[in-house]
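Below are the chains, spelled out letter by letter.
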Number of protein chains: 2
Amino acid sequence: MNFKEELQKRVNEIEEIISTYLPAEEGFQKTVIQAMNYSILAGGKRLRPMFMQETYRLLGGSSKVVEPFMAAMEMIHTYSLVHDDLPAMDNDEYRRGRKTTHVVYGEAMGILAGDALLNYAFETATRAFEMEPSNARIGKALRILAVKAGIYGMIGGQTVDVEAVGQPLTREKLDFIYELKTGALIEAAMMTGAVLAGASDEQVKTVEQIASDVGLAFQIQDDILDVTSTMEELGKPIGSDEKNEKTTYVTIKGLDQAKADVERISKRAMDALHSLNREDAYLSALMESLINRKK
Amino acid sequence: MNFKEELQKRVNEIEEIISTYLPAEEGFQKTVIQAMNYSILAGGKRLRPMFMQETYRLLGGSSKVVEPFMAAMEMIHTYSLVHDDLPAMDNDEYRRGRKTTHVVYGEAMGILAGDALLNYAFETATRAFEMEPSNARIGKALRILAVKAGIYGMIGGQTVDVEAVGQPLTREKLDFIYELKTGALIEAAMMTGAVLAGASDEQVKTVEQIASDVGLAFQIQDDILDVTSTMEELGKPIGSDEKNEKTTYVTIKGLDQAKADVERISKRAMDALHSLNREDAYLSALMESLINRKK
């Protein structure tokens, strides 16, 4: 199997795991559940659960305890997109070529569906306790997930991002946003994978650094694509950052420097990955592919 | 000390515990933290953490492990109010006599502050693992908290409530809303208190029934007060349910029947409480006081 086939196989596996943990669309509260599932089944690269699973395997994990965490990870990522798209936030009507959640279900339900996905993420992750009630790794992983998704992680980055609309950003603030808005969830993914596999504190620290670099490279690449992509390739209008007058890595450093930085940072991450001395062929290829991705 | 003094003493204690767990207002993400703290420090009865703490004590709990859960409980309650008040939801400009969060900080920050509070609730609750890393009760309590706050709990109730605006509700749906929208968090509070104290499954079940009754009585009383209170007493305009054309317990059953039902349900809860055979003087008085509350 080449990398692309390997990737697709894993995406399928992950989507099967996620769907196991999705709530049934029934009961008086059916609408919010439909809105949740609509949002999470909209597709996407499933990168975060994939990074979690690969890190878990890389460090010797072999039980199903990681699976509820993988689903939880994607729910947290999805809720952040649903709320980001709201009229009071980025006001986006399309994502991945489909209408956004609040456009289909209305704004109130968009807010509720986001809340529900965030809450259901923790509800789902705590199902790991049903498998192993006294496994202290689960508590540790839960705490990492919560911290990295919150005000000292993703939400912290979003806050600065929201406040930055329409005004120039300092380099310092931009770094803060990039480190937290995208980086934090990749860190959460890889770190919880490592912790659940029983990694040492030192290994978890290395994994955090790798994830931080991957997140940064991914985000810079996103900025590059926002400028260079076409509607067809990206499933949303091009230049949306420009439309929203956002300072991005590209507006500060220029396109060429941004591209060079993606490469440099990815290489640093790769070196750190190899330093773990594990069989990392697929993870390496995955990280490589981020540099060259077109959407 | 009479009940009122006793109550105030406990509210002070609880607010001190909550403030221990509030994030410091610093960093680039300061605004969202200010909005979180503004929301949670707006006052309120602190009923949910109080019920948690009292149930914990009632069933023999005596460690600090309940405290992060108490703070988490109030954060979840607060986030639900912040999002409920948003323009796309109830569109309320005042709560407890103060401007609502989105009015002060803007709508985007209102959404983010709610998200942040919900996430921080789990972040805070998982701090219990730092005290007792392998205590299986913590995982069990976390799971109850998450389930009762989510689509099979509070959010489920909110969903039906949101969809009901402007159209008559069946009695069945109204019961569903009341059971979940208010009841679920009181159940979460008392059940996590019981579980953390090491209660038996049977005791947890009794506690769930008590909490469900308390929540129902509380919610009906809320409907009664919406009709009978003045702006001054309640800190918000009277008759807001009527304004929003909501079906309530009072519009379905009438004021007198509603009052009688509050009393009947509260008595049932009280009997169940006594059946636990513990020293429950304060909890009894607290439940009593809900029947006669004026705001």
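Residues numbered from 1 in each chain as written. Chains lettered and ligands numbered in written order. Predicted model: local features only at pLDDT ≥ 70, side-chain atom pairs only at ≥ 80, totals over all residues. Heavy atoms only, no water.

Chain A has the name Farnesyl diphosphate synthase in an unreviewed UniProt entry, where Diplocloster agilis is given as its organism. UniProt's Catalytic activity (unreviewed entry) comment on chain A is quoted here verbatim: "isopentenyl diphosphate + (2E)-geranyl diphosphate = (2E,6E)-farnesyl diphosphate + diphosphate". What UniProt states about chain A under its Sequence similarities (unreviewed entry) heading is, verbatim, "Belongs to the FPP/GGPP synthase family." (UniProt positions renumbered as here; feature names shortened; annotations may be inferred.)

As a further point, take the overall build of chain A. Counting its secondary structure elements, chain A contains 17 helices and two strands. Each of the three principal axes of chain A carries a C-alpha extent, and together these read 50 × 50 × 40 Å. Within chain A, counting contacts between residues at least 6 apart in sequence, those at least 24 apart form 73% of the total. Accessible area for chain A stands at about 11,700 Å²; split by element, carbon and sulfur atoms hold 48% of it. One way to put it: in chain A the 34 positive side-chain charges average out to a point 2 Å from where the 45 negative ones average out. (Helix = DSSP H or I, 4+ residues; strand = E, 2+ residues; numbered from the N terminus. Contact = heavy atoms within 4.5 Å. Areas by Shrake-Rupley, 256 points an atom, 1.4 Å probe, with all protein chains shown as cover. Lys, Arg positive; Asp, Glu negative; His and termini not counted. Charge placed at Lys NZ, Arg CZ, Asp CG, Glu CD.)

Right, let's get into the pattern of salt bridges. Two side chains carrying opposite charge are able to pair once their charged atoms lie near each other. Inspection of the entire model under this criterion finds 40 salt bridges over all chains. Across the pair D84(A) and K181(A) runs a salt bridge whose closest N-O atoms are separated by 3.8 Å. Pair noted here: D84(A) is in helix 4 (residues 66-84) and K181(A) is in helix 10 (residues 171-181), with a separation of 97 residues, a long-range link. The partner of R46(B) in a salt bridge is E74(B), and the shortest N-O contact between them spans 2.9 Å. Of this pair, R46(B) sits in the loop between helix 2 (30-40) and helix 3 (47-58) while E74(B) sits in helix 4 (residues 66-84), placing them 28 residues apart in sequence. E74(B) matches R46(B) in its accessibility class, with the two residues each being buried. (Salt bridge = Lys/Arg side-chain N within 4 Å of Asp/Glu carboxyl O. Buried < 20%, exposed > 50% of the residue type's maximum accessible area, 1.4 Å probe, protein only.)

Of the two same-sequence chains, chain B is brought onto chain A (RMSD 0.0 Å, axial shift 0.0 Å) by a rotation of 180°. Taken together, the rotation and translation relating the two chain copies correspond to the operation of a two-fold axis. For chain B, the smallest separation between a C-alpha atom and the rotation axis is recorded for S134(B), amounting to 2.7 Å. (Least-squares fit on C-alpha atoms with pLDDT ≥ 70 in both.)

Here P49(A) is to be found in helix 3 (residues 47-58). In contact with P49(A), other than residues within four places in its own chain, are I14(A), I18(A), M70(A), M73(A) and E74(A).

Here we take up the interface of chain B and chain A. At the interface, 51 residues of chain B touch 51 residues of chain A. Carbon and sulfur atoms make up 70% of the area that chain B and chain A hide from each other, which totals about 4,600 Å². Per-residue buried area on chain B facing chain A is highest for F28(B), R143(B) and I151(B); these three make up 16% of the total on that side. Inspection of the region where chain B meets chain A yields two salt bridges. For the salt bridge of E130(B) with R143(A), the shortest nitrogen-to-oxygen distance reads 2.8 Å. Connecting chain B to chain A are 14 residue pairs in polar contact (both at pLDDT 80 or more). (Buried area = accessible area lost by both parts, 1.4 Å probe. Polar contact = N/O pair within 3.5 Å; in protein donor to acceptor, adjacent residues only side chain to side chain.)

Relative orientation of the contacting elements helix 9 (residues 154-163) of chain A and helix 6 (residues 107-125) of chain B amounts to 175°, with a least axis distance of 11 Å. Between helix 9 of chain A and helix 6 of chain B, the angle falls in the class roughly antiparallel. Counting all contacts with helix 9 of chain A, which are made through I155(A), Q158(A), T159(A), V162(A) and E163(A), the residues of helix 6 of chain B involved are A108(B), M109(B), L112(B), D115(B), A116(B) and N119(B). Residues belonging to the contact of helix 9 of chain A with helix 6 of chain B are distributed by class as follows: six nonpolar, three polar and two charged. (Axes fitted to C-alpha atoms, helices over the stretch in contact; angles between N-to-C directions. Parallel < 35°, antiparallel > 145°, perpendicular 65-115°, else oblique. Nonpolar A, V, L, I, M, F, W, Y, C, P; charged D, E, K, R; others polar.)

With that settled, consider the side chain of Q158(A). For Q158(A), the location among the structural elements is in helix 9. Overall, the relative accessible area of 4% leaves Q158(A) in the buried class. Those residues in contact with Q158(A) that sit more than four places away from it in its chain are S80(A), D84(A), K181(A) and L112(B).

Turning our attention to the packing of aromatic side chains. Scanning the entire structure with this criterion turns up 10 aromatic pairs over all chains. On the basis of an interplanar angle of 80° and a centroid distance of 5.2 Å, the ring pair of F28(A) and F176(B) is categorised as edge-to-face. Residue F28(A) is found in the loop between helix 1 (3-20) and helix 2 (30-40), and its partner F176(B) is found in helix 10 (residues 171-181); the two belong to separate chains. For F28(A), a relative accessible area of 30% translates into the label partly exposed. Residue classification places F176(B) among the buried positions, given a relative accessible area of 17%. Taking 6.3 Å as the distance between ring centres and 20° as the angle between the ring planes, the aromatic pair formed by Y178(B) and Y249(B) counts as stacked. Here Y178(B), found in helix 10, pairs with Y249(B), found in helix 15 (residues 249-253); they are 71 residues apart in sequence, far enough to count as distant. By the burial criterion, Y178(B) is buried, and Y249(B) matches it. The side chain of R98(A) reaches across the aromatic face of Y38(A), ending 4.0 Å from its centre. (Phe/Tyr/Trp six-rings, centres within 6.5 Å; stacked < 30°, edge-to-face > 60°. Lys NZ or Arg CZ within 6 Å of the ring centre and 35° of its normal.)

All names here are of chain A. Its location among the elements puts R268 in helix 16 (residues 255-274). On the accessibility criterion, R268 (42% relative accessible area) is partly exposed. Considering only alpha carbons, one finds R268 and V214, 54 residues apart in sequence, at a separation of 9.3 Å.

Residues and elements named next belong to chain A. A rise of 1.5 Å per residue sets the reference length of helix 8 (residues 136-149), with its 14 residues, at 20 Å; its end C-alpha atoms lie 20 Å apart and thus fit the reference within 8%. Restricting attention to buried positions, one finds in helix 8 the residues I138, G139, A141, L142, I144, L145, A146, K148 and A149. At the N-terminal boundary of helix 8, the capping side chain belongs to N135, with an oxygen 2.9 Å from the backbone nitrogen of R137. (Expected span 1.5 Å × (residues − 1).)

Attention now moves to the side chain of R46(A). Residue and element names in this part refer to chain A. The exposure class of R46 is buried, given its relative accessible area of 4%. Of the polar contacts made by the side chain of R46, one reaches the backbone oxygen of I40; its length is 2.9 Å. A polar atom in the side chain of R46 sits 3.4 Å from the backbone oxygen of G43. Beyond its immediate stretch of four places on either side in the chain, R46 contacts V11, I14, E15, I18, I40, L41 and E74.

In this section: helix 11 (residues 183-196) of chain A. The end-to-end C-alpha distance of helix 11 of chain A, which contains 14 residues, comes to 20 Å, matching closely the 20 Å that a straight helix rising 1.5 Å per residue would cover. Where helix 11 of chain A terminates, the next one or two residues include G198(A), which has phi positive at roughly 90°.

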